[in-house]
Amino acid sequence: MQVQAHLMMVMVLDKCLGCHTCSVTCKQAWTNRDGVDYVWFNNVETKPGSGYPKRWEDQAHWRGGWKLDRRGRLKLRAGGRGQKLITIFGNFDLPAIDDYYEPWTYDYAKLIDAPLADGPPVATARSRITGRPMDLRWGPNWEDNLAGVKPADDPAAAGLERELLGRYEEVFLFYLPRICNHCLNPSCVASCPSGAMYKRASDGLVLVDQDKCRAWRFCVSGCPYKKVYFNPVTTKAEKCIFCYAGVTEDGLPTICSDTCVGRIRYLGVVLYDLEAVTAMAETAEEADLVEAQRQSLLDPHNPMVVKQAEKNNIPYDWIEAARRSPVYALAKDLRVALPLHPEYRTLPMVWYVPPLSPLLSGIGEAGYDPEDPVEVFGAVDDMRIPMQYVANILAAGDTAQVDDALRRLTAMRTYMRRLQLTGRREVALAQAVDMRAEQLEQMYRLLAVASREDRYVIPKARFEAGAALQSQFRGAGGRGGAGRSPRRGHRRERRP
Amino acid sequence: MNTKNAWELLLFVILPYVSLTIFLLGHIWRYRFDQFGWTSRSTQLYEKKLLLLGSPLFHYGTLLAIGGHALGLLIPASWTEAIGLTERPYNLLAEVAGTTSVVLIIIGLVVLTVRRAARDRVRQATTKLDLAAFSILWVMILLGFGQTVIFNLLGPGYDYRPTISVWMRGIFSLQPDVADLSGVPTLYMVHITMAWVYLALFPFTRFVHFWSMPVWYLSRPFVVYRRRRREALLSPGESKRWQTVGDPTRNERPR
């Protein structure tokens, strides 16, 4: 056993209000440069919907992530090493800019320069790539709040068209904020022919070495979540860096977490066994992947685990942080969080608490006794968002996992409601979902009242590691990189 | 020394060494100081269809051409004969491979050039250096195309191995002899001269991605982990990294 520490994020979808504050603050911090105008390290999608880039979940088309070969061994879906080298002169699986959207700005100068006229001057849209006037037909969140969504555009909705189209008054939506999942078994890293992408052993973050990237672009197509982007100005791959400069080096939350209005995000440390990663990703049945990954999160209270972690040079305060980890609690202890598309076999480390949604009809109307603690759970099946749809996104289609998580959330709500109204601790409710009453109260505290220190438990970098951290500083420098002037000859915003 | 000799000396002795020097030092400089700029400068994000057609044709044709040039120019005829490749089969091989590569390259390059000129998004990503590099590439390839057509397809073929190859190896053994080149058709001479100009430009262009062919990907572990180097923490001014900046004696001032 080799114990490693990993940073992990959990997002509680019930609390996401779709305000895009995370996306905007992330963009302001990291991708407001030339060449990454079209890039959103963090974006919020409305589900159902095709997403960003369009239909990213359709792996039959994009061929991202892993699959198992006939012997049950992991294989990149896009083909092996030899195949990559043979097709290195043109990547057939790479999304083009139109699959994301063509970035644009407006001809603001017109507002000032326009000669005196009867009508008001108009700032028309101009492409940020060519500088030419353009017709706006698609954008980063074009389908916000179901605008123009057809279920056929959503790969996760395959076979559910009737439920999704539903009756107009039963329509539903939820928001899915997405960042890089910093996977345990990242297919982008495995796809990079140059070896420019790597996982930091200290905290598991997946990063791109800007000096080593040679623009082969296989990381972009290799990531099934399409969360590695190509910067066409610097011609280097870029991706979410989990705000590492602040997170792991100063104990601060990522900017998407810190600015989240709904406080949906939880950050913390988990421990895992490096040697078990491959076996976990090779779990035969897709439906078992959630449980396999959950079991791989090691119990930081187990003295054996702690002893091994110390042996593997995990600093004391990191082990301590793993004990207080809110993400470990949500993912493993309370079992309410699920990984995004586990069937890609990348073992993502950003998990989601599935959304409870309004019932199709009132509990009483549907024939349930709202006073009977066990009957309340029957209502879970009658929720407006089809369980199968959520399971397609968060549990490789296994509705049992989603059902279990939703029942636990429902139990917590009912339990707390009874506690607050009657002062009684309804232990039967906890037992009905295989939990203890204290666990339900812990879940309530985490999900409802947790303060900043409880939601983000991130140890600071150790003083002794200061020099090593300094040696990592390479910046996104060079011409056209962050903080530098754009590459000469790469013209932008040409005036007509 | 007559004028003709002076020109020959300039083009076939001095130019090669100047070019090779720039080629070598340029690469060292670029590798040392411009890792960030060392890429294939892909524009596939902007345009996919034409690239997927033209780029593989051009690259495979080029690899074939590079192999052919290395074989023809650097390996003496006596060596190929020693392994049983006599003149007739060698010439046949050279003609077939040469023609194939020229066809692949020309089709590929036409597609890529049309793509670069006709697609706004790709055109705006083209630098002046790109234009210079592509122009020289075009001239060289057209000359090579001309040689293939005039000498190999229409004519009986020109055997460059007793002349150009001998002179070329003379350059690498530091004994270049212009006399080896007597009787070489002008078309070849121009092609060679353009090649030296091209090589001198090579280290400063996107062509350096040729050296980044990631063959070690075949044997590498799939997932790469990086550990922090264990370094002792130094006070500011103690590290060599800092000493390269500013006054090196600044920490030694008397109180």
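Quick note: structure is the one above.
Residues numbered from 1 in each chain as written. Chains lettered and ligands numbered in written order. Predicted model: local features only at pLDDT ≥ 70, side-chain atom pairs only at ≥ 80, totals over all residues. Heavy atoms only, no water.

What chain B contains, in helices and strands, is nine helices and one strand. The helix and strand sequence of chain B, counted from the amino end, reads α-α-α-α-α-α-α-α-β-α. For chain B, the residues scored as buried account for 40% of the 255 residues in total. Only carbon and sulfur atoms are counted for the fraction: they give 69% of the accessible area of chain B, which is about 14,800 Å². (Helix = DSSP H or I, 4+ residues; strand = E, 2+ residues; numbered from the N terminus. Buried < 20%, exposed > 50% of the residue type's maximum accessible area, 1.4 Å probe, protein only. Areas by Shrake-Rupley, 256 points an atom, 1.4 Å probe, with all protein chains shown as cover.)

Another aspect to go through is the overall build of chain A. A count of helical and extended segments in chain A gives 22 helices and 15 strands. A burial count over chain A gives 59% of its 496 residues as buried. Considering only residue pairs separated by 6 or more positions, chain A has 73% of its internal contacts joining residues 24 or more positions apart. With an accessible surface of roughly 20,200 Å², chain A has 51% of that area assigned to carbon and sulfur atoms. (Contact = heavy atoms within 4.5 Å.)

In this section: the state of the cysteines. All names here are of chain A. Tallying each qualifying case throughout the model produces zero disulfides over all chains. Counting only cysteine sulfurs, C243 is the nearest neighbor of C26, a cysteine outside any disulfide, at a range of 6.4 Å. Between C192, a cysteine without a disulfide, and C219, which holds the nearest cysteine sulfur, the sulfur-to-sulfur distance is 6.2 Å. (Disulfide = S-S within 2.5 Å.)

Residue and element names in this part refer to chain B. Closest axis-to-axis distance for the helix α7 (residues 164-172)/helix α8 (residues 186-201) pair is 13 Å, and the angle between their directions is 25°. In terms of their interaxial angle, α7 and α8 are classed as roughly parallel. With respect to the hand of their crossing, α7 and α8 are arranged in right-handed fashion. The segment α7 lies against α8, with I164, W167, M168 and I171 engaging Y188, I192 and W196. Class assignment of the residues belonging to the contact of α7 with α8 gives a composition of seven nonpolar, no polar and no charged. (Axes fitted to C-alpha atoms, helices over the stretch in contact; angles between N-to-C directions. Parallel < 35°, antiparallel > 145°, perpendicular 65-115°, else oblique. Left-handed = near helix turned anticlockwise from the far one by under 90°. Nonpolar A, V, L, I, M, F, W, Y, C, P; charged D, E, K, R; others polar.)

A complete count under the given rule lists 30 aromatic pairs over all chains for this structure. Feature note: the residues A:Y38, A:F41, A:Y52, A:Y100, A:Y101, A:W104 and A:Y229 constitute an aromatic cluster, connected by ring pairs. The lysine or arginine in question, A:K27, covers the ring of A:W40, its NZ or CZ lying 4.9 Å from the ring centre. The cationic tip of B:R220 hangs over the ring face of B:W216; the distance from NZ or CZ to the ring centre is 5.9 Å. (Phe/Tyr/Trp six-rings, centres within 6.5 Å; stacked < 30°, edge-to-face > 60°. Lys NZ or Arg CZ within 6 Å of the ring centre and 35° of its normal.)

With that out of the way, let us pick up the packing of helix α18 (residues 399-422) of chain A against helix α20 (residues 437-449) of chain A. Residue and element names in this part refer to chain A. For the pair α18 and α20, the least separation of the axes is 9 Å and the interaxial angle reads 95°. On the basis of their axis angle, the class for α18 and α20 is roughly perpendicular. Residues R408, L409, A411, M412, Y415, M416, L419 and Q420 of α18 form the contact with α20, whose participating residues are A437, L440, E441, M443, Y444 and L447. For the contact of α18 with α20, the residue count by class is eleven nonpolar, one polar and two charged.

Glancing now at the sheet that holds strand β14 (residues 338-339) of chain A. All names here are of chain A. Strand order in this open sheet of five strands is β13-β12-β1-β15-β14, and the pairing throughout is mixed. This sheet does not close on itself; its edge strands, each paired only once, are β13 (297-298) and β14. The sheet contact formed by strand β12 (residues 265-273) and β13 spans two bridges and is antiparallel. When the sheet's bridge partners are listed, L271 is paired in β13 with L298. (Pairing = 2+ DSSP bridges.)

The next subject is the pairing of strand β2 (residues 43-47) of chain A. Counting buried positions along β2(A) yields five of five residues, so the element is predominantly enclosed. Residues A:N43, A:E45 and A:K47 line one face of β2(A) and the alternating positions A:V44 and A:T46 line the opposite face, and both faces are buried.

Below, the discussion takes up a nonpolar patch on the surface. Residue and element names in this part refer to chain B. Taken together, the side chains of W7, L9, L10, I14, V18, I22, W29, F33, L129 and F204 make up a nonpolar region of the molecular surface, amounting to roughly 930 Å² of accessible area. Residue contributions to the nonpolar patch peak at eight residues, all from helix α1 (residues 3-33). Of note, L10 is situated in helix α1. The exposure class assigned to L10 is partly exposed, which follows from its relative accessible area of 39%. (Patch = residues over 30% accessible without salt bridge, like charges linked within 9 Å, V, L, I, M, F, W, Y side chains within 5 Å. Salt bridge = Lys/Arg side-chain N within 4 Å of Asp/Glu carboxyl O.)

The next thing to look at is the sheet that holds strand β9 (residues 206-208) of chain A. A sheet is described by the order of its strands in space; here three strands give the open sequence β9(A)-β8(A)-β1(B), paired in mixed fashion. The two strands at the open ends of the sheet, each matched to only one other strand, are β9 of chain A together with β1 (225-226) of chain B. In this sheet, β9(A) lies alongside strand β8 (residues 197-200) of chain A in antiparallel orientation, the contact comprising three bridges. For A:M197, the partnering residue across the bridge sits in β9(A) and is A:V208.

All names here are of chain A. Buried within helix α13 (residues 303-311) are the following residues: V305, V306, Q308 and A309. The arc that holds the buried residues of α13, viewed along the axis, is 165°, so those residues lie on one side. Those residues of α13 that are exposed and aimed more than 90 degrees away from the buried face are P303, M304, K307 and K311. Where α13 is buried, its residues touch β1 (3-12), β12, β13 and α14 (316-323). With a side-chain oxygen lying 2.9 Å from the backbone nitrogen of M304, the N-terminal cap of α13 falls on N302. (Arc of directions from axis to C-beta. Polar contact = N/O pair within 3.5 Å; in protein donor to acceptor, adjacent residues only side chain to side chain.)

Residues and elements named next belong to chain A. For β12, a buried count of nine out of nine residues is recorded, marking the element as mostly surrounded by other parts of the structure. Side chains R265, L267, V269, L271 and D273 of β12 all project onto a buried face; the interleaved residues Y266, G268, V270 and Y272 project onto the opposite face, where all are buried too. Where β1 meets β12, nine bridges bridge the pair, whose relative direction is antiparallel. Along β12, the bridge assignment pairs Q4 with Y272.

Residues and elements named next belong to chain A. Scanning the entire structure with this criterion turns up 34 salt bridges over all chains. Linking R137 and D135 is a salt bridge whose minimum nitrogen-to-oxygen distance equals 3.1 Å. Residue classification places R137 among the exposed residues on the basis of a relative accessible area of 62%. The partner of R425 in a salt bridge is E441, and the shortest N-O contact between them spans 2.8 Å. Of this pair, R425 sits in the loop between α18 and α19 (427-432) while E441 is found in helix α20, placing the two residues 16 residues apart along the sequence. Relative accessible area serves as the criterion here: at 15%, E441 is assigned to the buried category. Through salt bridges with shared partners, one network takes in E291, R294, R335, D404 and R408.

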